[in-house]
Amino acid sequence: PGELARIVRLIGIEMRANIVGMVVPPIEGERSLAIVHLQVDDAEPIMEALRKIGYHVGSPSVDLDAVEDAPAPPLRTRPLATL
């Protein structure tokens, strides 16, 4: 109990980052998953702070069996619509 509040406090209050979205999907087993969308230029300090208190962190996703964080995907651009 209180784990989500712990994460929100670290990100929003201690690290002073804006949380723009959060999803906590139901998963089976003992593990929990929170997907947090942040409005920051560099999420690495927040990710490191979460690791220090025992969380598995990934950007843009987390693979619990992976050794290192997942690399960020290439940016996709969409063509402008013409009227």
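Here goes a summary of the coordinates provided. It should be emphasised that the depicted structure is a prediction, and the values quoted were computed from it without experimental measurement. All chains use their own residue numbering, which begins from 1 and follows the written sequence. Given that this is a predicted model, residues contribute local features only at a pLDDT of at least 70 and side-chain atom pairs are listed and counted only at 80 or more, while totals for whole chains, interfaces and linings are drawn from all residues. Side-chain figures throughout are based on the complete set of non-hydrogen atoms in the structure, without hydrogens or water.

Section: the environment of valine 24
Right, on to step 1. Take valine 24: it is sitting in the loop between strand E1 (18-23) and strand E2 (35-39).
Right, on to step 2. Each residue's exposure class comes from its accessible area (1.4 Å probe, protein chains only) as a fraction of the maximum for that residue type: buried when under 20%, exposed when over 50%, partly exposed otherwise. Looking at valine 24, the relative accessible area reads 47%, which means it is partly exposed.
Right, on to step 3. Measuring from C-alpha to C-alpha, the distance between valine 24 and alanine 34 comes to 4.6 Å, with 10 residues separating the pair along the chain.
Right, on to step 4. Those residues in contact with valine 24, other than ones at most four positions away along the chain, are Leu4, Leu33 and Ala34. The way it works is that DSSP assigns letters per residue, a run of H or I at least four long becomes a helix, a run of E at least two long becomes a strand, and they are numbered from the N terminus. We call two residues in contact when some of their heavy atoms are within 4.5 Å.

Some details on helix H1 (residues 3-14)
Right, on to step 1. In this analysis, the expected span of each helix is defined as 1.5 Å times one less than the number of residues it contains. Its 12 residues give H1 an end-to-end C-alpha distance of 15 Å, which sits within 8% of 16 Å, the value for a rise of 1.5 Å per residue.
Right, on to step 2. Among all positions in H1, only Ile7, Leu10 and Ile11 are buried. Looking down the long axis of H1, one finds its buried residues gathered within 85° of arc, a one-sided arrangement. Within H1, the exposed residues directed more than 90 degrees away from the buried face are Ala5, Ile13 and Glu14.
Right, on to step 3. Among the residues trailing H1, arginine 16 stands out with phi positive, at a value near 55°. It is the directions from the helix axis to the C-beta atoms whose arc is reported.

Regarding helix H2 (residues 44-52)
Right, on to step 1. Every buried residue of H2 is listed here: Ile46, Met47, Ala49 and Leu50. Viewed end-on, H2 has its buried residues packed into an arc of 160°, placing them on one side of the element.
Right, on to step 2. Where the residues of H2 are buried, they touch H1 and E2.

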